[in-house]
Amino acid sequence: MIYQLIYHSHFMAVGAGPSSTIRSILRASEANNFRDGITGFLIFDKSSFVQVLEGDQAAVLEAYERIGDDPRHAYLTVLATRQVATRAFEGWAMGGHITSDETRDIYVRHGFVGGLDPATLGATLGATLGATRVVALAQDLLAFETRRQSQRVVGAA
């Protein structure tokens, strides 16, 4: 079984702007997660994060503790934990997405209309169904990012 943890945190600007901060978080997360056998996905809506981490329970909890020590994250809240049979983000030490107008319909399709508000997410994730919805949202955002990257590569060729 794979341990999955979904959390919410508020973004705290520390030094660089949001875009370079997110890139820095994703690079560090990818390296740490690859080393620790963790996969996952980070969603950023310009004021807060929702992240899915999955792997060995001890490794995921250590990663969550590291995130709690990171000054770019504040008010961390675990929204859900669960055991799952397979990874949702196999092969992705850390994928990520910054919310944009282009993807608003993906959020709506999964029932996330008001952004990543922690009160709404807490109510949404009160049951296993809510965790499933967040993971499905992250998977659709990953698919969107993958398509966008392949279009960039084709366009550059």
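Keep in mind the model is a prediction, meaning the values are calculated, not measured.

## Describing a negative patch on the surface
Working step 1: On the surface, a cluster of negative charge is made up of D56, E62, E65 and D69.
Working step 2: Relative to the helices and strands, E65 is located in helix α2 (residues 57-69).
Working step 3: Looking at E65, the relative accessible area reads 57%, which means it is exposed.

## A short note on the packing of aromatic side chains
Working step 1: In this structure the tally under the stated criterion is five aromatic pairs.
Working step 2: Aromatic pair F41 and F89: ring centres 5.8 Å apart, planes at 15°, arrangement stacked. Remark: F89 occurs in the loop between β4 (73-84) and β5 (95-98) and F41 occurs in strand β2 (residues 39-44); sequence separation between them is 48 residues. The burial state of F41 is the same as that of F89; both residues are buried.
Working step 3: Here the aromatic cluster, defined as three or more aromatic residues joined through ring pairs, consists of F11, F44 and F49.
Working step 4: Sitting above the plane of the F112 ring, R133 keeps its charged end 5.1 Å from the centroid.

## What about the layout of surface pockets?
Working step 1: Here the largest pocket defines a volume of roughly 480 Å³.
Working step 2: Forming the walls of the largest pocket are 21 residues, and the residues nearest its centre are L26, G96, H97, E145 and Q149.
Working step 3: Where the lining of the largest pocket is concerned, the elements lending two or more residues are α1 (18-36), β5 and α5 (128-156).
Working step 4: Per-element tally for the lining of the largest pocket: the top contributor is α1, with six residues.
Working step 5: In the lining of the largest pocket, the residues fall into eight nonpolar, seven polar and six charged.

## Concerning the environment of A74
Working step 1: Position of A74 relative to the elements: it lies in strand β4.
Working step 2: With relative accessibility at 14%, the residue A74 sits in the buried group.
Working step 3: Between the C-alpha atom of A74 and that of S48, which follows or precedes it by 26 residues, the distance is 9.1 Å.
Working step 4: Ignoring sequence-local partners within four residues, the contact set of A74 consists of S9, H10 and M12.

What counts and how
Residues numbered from 1 in each chain as written. Predicted model: local features only at pLDDT ≥ 70, side-chain atom pairs only at ≥ 80, totals over all residues. Heavy atoms only, no water. Patch = residues over 30% accessible without salt bridge, like charges linked within 9 Å, V, L, I, M, F, W, Y side chains within 5 Å. Areas by Shrake-Rupley, 256 points an atom, 1.4 Å probe, with all protein chains shown as cover. Salt bridge = Lys/Arg side-chain N within 4 Å of Asp/Glu carboxyl O. Lys, Arg positive; Asp, Glu negative; His and termini not counted. Charge placed at Lys NZ, Arg CZ, Asp CG, Glu CD. Helix = DSSP H or I, 4+ residues; strand = E, 2+ residues; numbered from the N terminus. Buried < 20%, exposed > 50% of the residue type's maximum accessible area, 1.4 Å probe, protein only. Phe/Tyr/Trp six-rings, centres within 6.5 Å; stacked < 30°, edge-to-face > 60°. Lys NZ or Arg CZ within 6 Å of the ring centre and 35° of its normal. 1 Å grid on protein atoms, 1.4 Å probe; cavity = no way out; pocket = protein on both sides within 12 Å on 5 of 7 lines; lining within 4 Å. Points joined across faces, edges and corners; volume = space filled by probe spheres on them. Nonpolar A, V, L, I, M, F, W, Y, C, P; charged D, E, K, R; others polar. Contact = heavy atoms within 4.5 Å.

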